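# Structural features, examined
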Amino acid sequence: MRMGEFSRRTGVSQRLLRYYEEKGLLRPTRRPSGYREYEEADVVTVRGVRILLAAGLNTAVIAEVLPCMVDEGRILEPACSSMLPDLHRERARIDEAAAGLLAARDRLDALIELTAEGGVTDEEACAAAGLLGREVT
């Protein structure tokens, strides 16, 4: 099937399909005209890529582990244990990122609480401090 139909079938934009191809995740055949031709197996591949992206893996890791996965219809299942170190590494990376986000949220909560406790409502005081109307980055 051609790219437009494949995009509709998978629910993935043509731009993303080209990106997946660029990253080596998809390898459609090319017609003599240069048009990409996708097979039914490519639908399964895109489904696997989407599942692994949703699990927090980046495309480089997906390229490593996808060949070791089997699509059983509901969920991807590992076909070999050699990918376990990669999965553990990605789990640790996600844990670290989550901890960073939680720490940032805690700092923001503290600022919100201090601001609410201080009763800062005077726009003139904010204007005098040069804060009113200023975009915070």
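Thresholds applied
Residues numbered from 1 in each chain as written. Predicted model: local features only at pLDDT ≥ 70, side-chain atom pairs only at ≥ 80, totals over all residues. Heavy atoms only, no water. Core = buried A, V, L, I, M, F, W, Y, C linked by side-chain atoms within 4.5 Å. Buried < 20%, exposed > 50% of the residue type's maximum accessible area, 1.4 Å probe, protein only. Helix = DSSP H or I, 4+ residues; strand = E, 2+ residues; numbered from the N terminus. Contact = heavy atoms within 4.5 Å. Axes fitted to C-alpha atoms, helices over the stretch in contact; angles between N-to-C directions. Parallel < 35°, antiparallel > 145°, perpendicular 65-115°, else oblique. Left-handed = near helix turned anticlockwise from the far one by under 90°. Nonpolar A, V, L, I, M, F, W, Y, C, P; charged D, E, K, R; others polar. Patch = residues over 30% accessible without salt bridge, like charges linked within 9 Å, V, L, I, M, F, W, Y side chains within 5 Å. Areas by Shrake-Rupley, 256 points an atom, 1.4 Å probe, with all protein chains shown as cover. Salt bridge = Lys/Arg side-chain N within 4 Å of Asp/Glu carboxyl O. Lys, Arg positive; Asp, Glu negative; His and termini not counted. Charge placed at Lys NZ, Arg CZ, Asp CG, Glu CD. Expected span 1.5 Å × (residues − 1).

### A word on the nonpolar core
- If you look at the biggest cluster of nonpolar residues, it comprises 22 residues, and the most contacted ones within it are Phe6, Leu17, Tyr20 and Leu52.
- Of all the secondary-structure elements, those providing two or more residues to this core are α1 (3–10), α2 (14–22), α3 (40–54) and α4 (59–65).
- A per-element tally of this core places α3 first, with 4 residues.
- Contacts of phenylalanine 6, omitting those with residues within four sequence positions, involve Met1, Leu17, Leu26, Tyr38, Glu39, Asp42, Val43 and Val46.

### Thoughts on the packing of α1 against α3
- Following both chains from N to C, one finds α1 and α3 inclined at 45°, their axes separated by 10 Å at the closest point. On the basis of the axis angle, α1 is oblique to α3. Both α1 and α3 take part in a crossing whose hand is right-handed. The residues of α3 that touch α1, namely those facing Phe6, Arg9 and Thr10, are Glu40, Asp42, Val43 and Val46.
- Of the residues assigned to the contact of α1 with α3, the class counts are 3 nonpolar, 1 polar and 3 charged.

### Details of a negative patch on the surface
- On the surface, a cluster of negative charge is contributed by Asp106, Asp109, Glu113 and Glu117.
- As for its position among the elements, aspartate 106 is in helix α5 (residues 84–118).
- Accessibility expressed as a relative area gives 46% for aspartate 106, which makes it partly exposed.

### Description of α3
- With 15 residues, α3 ought to run about 21 Å at 1.5 Å a step, and its terminal C-alpha atoms sit 22 Å apart, in line with that.
- Listed as buried for α3 are Asp42, Val43, Val46, Gly48, Val49 and Leu52.
- A positive phi of about 95° marks glycine 56, the residue just after α3.

Worth remembering: the numbers are spatial, not functional.
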